[in-house]
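Coordinate analysis (summary)
Letter by letter, the chains look like this.
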Protein chains: 2
Amino acid sequence: MSAAILPAGIAEAVPFDRDGLVAAIAQQHDSGEVLMLAWMNRESLAETLATGEVCYWSRSRQRLWRKGETSGQRQRLVELRVDCDGDTLLLLVDQSGVACHTGRRNCFFRAWREGRLETIAEVLVDPKTLYGF
Amino acid sequence: MSAAILPAGIAEAVPFDRDGLVAAIAQQHDSGEVLMLAWMNRESLAETLATGEVCYWSRSRQRLWRKGETSGQRQRLVELRVDCDGDTLLLLVDQSGVACHTGRRNCFFRAWREGRLETIAEVLVDPKTLYGF
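Residues numbered from 1 in each chain as written. Chains lettered and ligands numbered in written order. Predicted model: local features only at pLDDT ≥ 70, side-chain atom pairs only at ≥ 80, totals over all residues. Heavy atoms only, no water.

Below, the discussion takes up the UniProt feature "binding site: Zn(2+)" (unreviewed entry) in chain A. On the UniProt side, "binding site: Zn(2+)" (unreviewed entry) is annotated at positions that read Cys84(A), Cys100(A) and Cys107(A) here. An extended arrangement is adopted by the annotated residues: their sequence extent is 24 residues, and the largest C-alpha distance between any two is 27.6 Å. Among the secondary structure elements, Cys84(A) is positioned in the loop between β5 (75-82) and β6 (88-95). Not counting residues within four places of it along the chain, the set of residues in contact with Cys84(A) comprises Cys100(B), His101(B), Thr102(B), Cys107(B), Phe109(B) and Arg110(B). (UniProt positions renumbered as here; feature names shortened; annotations may be inferred. Helix = DSSP H or I, 4+ residues; strand = E, 2+ residues; numbered from the N terminus. Contact = heavy atoms within 4.5 Å.)

Rotating chain B by 180° about the axis while translating it 0.0 Å along that axis superimposes it on chain A, leaving an RMSD of 0.0 Å. The relationship between the two copies is best expressed as a two-fold rotation axis. Among all residues of chain B, the minimum C-alpha distance to the rotation axis is found for Gly32(B), at 2.6 Å. (Least-squares fit on C-alpha atoms with pLDDT ≥ 70 in both.)

The mixed open sheet is built from six strands, whose spatial order is β8(A)-β7(A)-β5(B)-β6(B)-β1(B)-β2(B). Lying at the two open borders of the sheet, with one neighbouring strand each, are β8 (116-119) of chain A together with β2 (34-40) of chain B. When strand polarity is set aside, the average angle formed by the axes of neighbouring strands in this sheet is 35°. Where strand β7 (residues 110-113) of chain A lies against strand β5 (residues 75-82) of chain B, two bridges are found, and the strand directions are antiparallel. The residue bridging Arg110(A) from the neighbouring strand is Val82(B), located in β5(B). (Pairing = 2+ DSSP bridges. Axes fitted to C-alpha atoms, helices over the stretch in contact; angles between N-to-C directions.)

This brings us to the pattern of salt bridges. Residue and element names in this part refer to chain B. For the structure on display, the rule yields 18 salt bridges over all chains. Note that Arg-113 and Glu-118 form a salt bridge whose closest N and O atoms lie 3.8 Å from each other. A residue is classified by how much of its surface remains accessible, and Glu-118, at 27% relative accessible area, is partly exposed. (Salt bridge = Lys/Arg side-chain N within 4 Å of Asp/Glu carboxyl O. Buried < 20%, exposed > 50% of the residue type's maximum accessible area, 1.4 Å probe, protein only.)

One open sheet holds the six strands; their spatial order is β2(A)-β1(A)-β6(A)-β5(A)-β7(B)-β8(B), and the pairing between them is mixed. Edge positions in the sheet fall to β2 (34-40) of chain A together with β8 (116-119) of chain B, since each of these pairs with one other strand and no more. For this sheet, the mean inter-axis angle between neighbouring strands, taken without regard to orientation, is 35°. As defined by bridge partners, strand β1 (residues 22-28) of chain A adjoins β6(A) across six bridges and the pair is classed as parallel. Within the sheet, the bridge partner assigned to Ala24(A) lies in β6(A) and is Leu89(A).

Turning next to the pairing of strand β3 (residues 55-58) of chain B. Across the two faces of β3(B) the burial is the same, with Cys55(B) and Trp57(B) and Tyr56(B) and Ser58(B) all buried. The antiparallel hairpin formed by β3(B) and strand β4 (residues 63-66) of chain B contains four residues in its connecting segment, where Gln62(B) sits at a positive phi of about 55°.

This is the structure:
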């Protein structure tokens, strides 16, 4: 499916780990909201750069995960940044709808407060609507 | 050294990976700037919660990494958040000085622009000053 080639300038800067992956943080480009962390392999990163639509590697499903392919909640890439040692990417994105599979805007909706995890964000979209089950 | 115990409510929510680690994103609590990504084990997370000063696990040195212990560039924990599946933490912190060992404010100082990685942030503190060599 994907024939995109990873640009040499990125390939040289990113030492993919023993599983061939690199961590990728998605941050909403204008608000600064940290949406999620997921993983990319060479192929998903190449596709993301080629298409401008964020594609991860799903570790649980062991296949390309075109963000929003099922749910419609896509991430448009605004800018890719690489950290000092190349083992983490920061994706500045424009998130359509919600980033989290629970239907919340971002995945970090549990805060440690007064000795317990408190849910601090509401479900904005019913997951049944997102995934059709 | 560290006798802190990980609270049960966190221990239950975080499935540490095969190396006993969990990814931790540090974000400046007020500006939203993503500073860095590092890793925590049970001990470093327990110490972070007990002291309010961020402590990571250094994978390269295989020991606790009390952020700023050498450089003085500490991270005070403002709030800990846990993602939907518990495999990533978001640390809202107050960063003293610079987060990156290169002397830049954050580690994501390279942006992919027009087919090359462009350095987009200045060195604010000479690393020689930070580390004394």
